[in-house]
Amino acid sequence: SGHELWAHDTSNASTWQVADIRSGSSSSNPGMDTLELLVGDTLYFSANDGSTGIELWAHDTSNHSTWQVADINSGNGHSFPGYYMQILVGDTLYFSANDGSTGYELWAHDTSNASTWQVADINSGSGNSWPGQLMEILVGDTLYFSANDGNSGHELWAHDTSNASTWQVADIRSGPSDSNPGKEGLATLVGDTLYFSAIDGTGNELWAHDTSNSSTWRAVDINSGTGGSNPGQYMSILVGDTLYFDAFGLGSSGTELWAHD
């Protein structure tokens, strides 16, 4: 039956196929496109039934029912839900998806009423904004994520789930060039402040954004000049109020362990 959804009950060691979403020997590849979230008793995941493409599916573990949640890219096209980002806020899933006409944009599905909608067409028209491709983090009711509006490159964006507003937080690298926030993997919340890697034209360094007052600044220029230190390329971890991360220092020290209080 190909790659399908299976389950294993650890209490009695039983194992079974949950559903043959793509009947026959072909695979539905559940979760292959990274979306897999649990909301109450229900699993949400990407899958391909062979006729409507890779779309958003669900399985209710309490009654063993399985269904397609939404055919975002109608017909046999793929929407690839969750390929770049996926995050749960209350009862609502927020994820990247492609409807076939507006490109990869931010979408949402309210699990309480089964509604699905495009949150914002950040790169208006058929262009992709690739929301969350580089970073995604939830602060209170607000999603912070990387996105490209087609004019200012990959920058830091936000969406307030309480009032459905979406905006560019900062154009760190002014003009059409990318600042690529979070590209090196460093995206950490400390109190109200996000710390992340970004490029302002003087190399990839450690940046910060205070969500309480909307200020954005370069935290430190480790590799001064035009060279970047690429903070967090290999590791980053928060211990109390201190970030520990790898970075490339100026001179002959190479990539070593650094810290920022």
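Structure: above.
Residues numbered from 1 in each chain as written. Predicted model: local features only at pLDDT ≥ 70, side-chain atom pairs only at ≥ 80, totals over all residues. Heavy atoms only, no water.

Chemist: Run through the overall build of the chain, naming residues and quoting values.
Modeler: Helix and strand counts for the chain stand at 0 helices and 21 strands. Taken over the C-alpha atoms alone, the chain extends approximately 60 × 45 × 35 Å along its principal axes. Relative to its 261 residues, the chain shows a buried fraction of 48%. Long-range pairs, those at least 24 residues apart, make up 37% of the contacts in the chain between residues at least 6 apart in sequence. When the accessible area of the chain is evaluated, it comes to approximately 11600 Å², of which 46% is carbon and sulfur surface. (Helix = DSSP H or I, 4+ residues; strand = E, 2+ residues; numbered from the N terminus. Buried < 20%, exposed > 50% of the residue type's maximum accessible area, 1.4 Å probe, protein only. Contact = heavy atoms within 4.5 Å. Areas by Shrake-Rupley, 256 points an atom, 1.4 Å probe, with all protein chains shown as cover.)

Chemist: Any chance you could break down the sheet that holds strand E9 (residues 104-110) for me, citing the residues and the numbers?
Modeler: Here 4 strands make up an open sheet; going across it, the order is E7-E8-E9-E10 and the pairing antiparallel. Each edge of the sheet is formed by a strand with only one pairing partner; in this case those strands are strand E7 (86-89) and strand E10 (115-120). Neighbour-to-neighbour, the strand axes of the sheet open up by a mean angle of 30°, direction not taken into account. Note: strand E8 (residues 92-98) against E9, 7 bridges, orientation antiparallel. Each residue of the ladder has a partner; that of Phe-95, found in E9, is Trp-107. (Pairing = 2+ DSSP bridges. Axes fitted to C-alpha atoms, helices over the stretch in contact; angles between N-to-C directions.)

Chemist: Please give an account of the environment of Ala-219 that cites residues and values.
Modeler: With respect to the secondary-structure elements, Ala-219 resides in strand E18 (residues 215-220). Beyond its immediate stretch of four places on either side in the chain, Ala-219 contacts Leu-206, Trp-207 and His-260.

Chemist: Summarise a nonpolar patch on the surface; cite the residues concerned and give the values.
Modeler: Taken together, the side chains of Tyr-234, Met-235, Ile-237, Val-239, Tyr-244 and Leu-257 make up a nonpolar region of the molecular surface, amounting to roughly 620 Å² of accessible area. Considering the arrangement of structural elements, one finds Val-239 in strand E19 (residues 236-239). (Patch = residues over 30% accessible without salt bridge, like charges linked within 9 Å, V, L, I, M, F, W, Y side chains within 5 Å. Salt bridge = Lys/Arg side-chain N within 4 Å of Asp/Glu carboxyl O.)

Chemist: Let's hear about the sheet that holds E19: which residues, and what values?
Modeler: Backbone-to-backbone hydrogen bonds pair the strands of a sheet. The strands run either parallel or antiparallel. Taking strand neighbours across the sheet as the criterion, the 3 strands line up as E19-E20-E21 in an open arrangement whose pairing is antiparallel. Looking at which strands have only one partner, the edges of the open sheet turn out to be E19 and strand E21 (255-260). Here the strands of the sheet are splayed against their neighbours by 25° on average, with no regard to which way each runs. Note that strand E20 (residues 242-248) and E21 share 6 bridges and pair antiparallel. Paired with Leu-243 across the bridge in E21 is His-260.

Chemist: Got a sec to walk through unusual backbone geometry? Specific residues and values, please.
Modeler: At Asn-29, a position not held by glycine, the phi torsion is positive, near 50°. Along the chain, Asn-29 turns up in the loop between strand E2 (14-19) and strand E3 (36-39). With phi around 50°, Phe-80 is a residue other than glycine that occupies positive phi space. Note that Phe-80 resides in the loop between strand E6 (65-70) and E7. When its relative accessible area of 22% is taken as the criterion, Phe-80 is described as partly exposed.

Chemist: Describe the environment of Asn-12, naming the residues involved and giving the relevant values.
Modeler: Among the structural elements, Asn-12 can be located in the loop between strand E1 (5-9) and E2. For Asn-12, a relative accessible area of 49% puts it in the partly exposed group. For the pair Asn-12 and Asn-98, spaced 86 residues apart in sequence, the C-alpha separation works out to 41 Å. Polar side-chain contacts of Asn-12 include one of 2.5 Å to the side chain of Ser-14. (Polar contact = N/O pair within 3.5 Å; in protein donor to acceptor, adjacent residues only side chain to side chain.)

Chemist: Describe the side chain of Thr-211, listing the residues and the values that go with them.
Modeler: Relative to the assigned elements, Thr-211 resides in the loop between strand E17 (204-210) and E18. A distance of 2.6 Å separates the side chain of Thr-211 from the backbone oxygen of Asp-192, its partner in a polar contact. Discounting chain neighbours no more than four positions away, the residues touching Thr-211 are Val-139, Tyr-144, Asp-192 and Leu-194.

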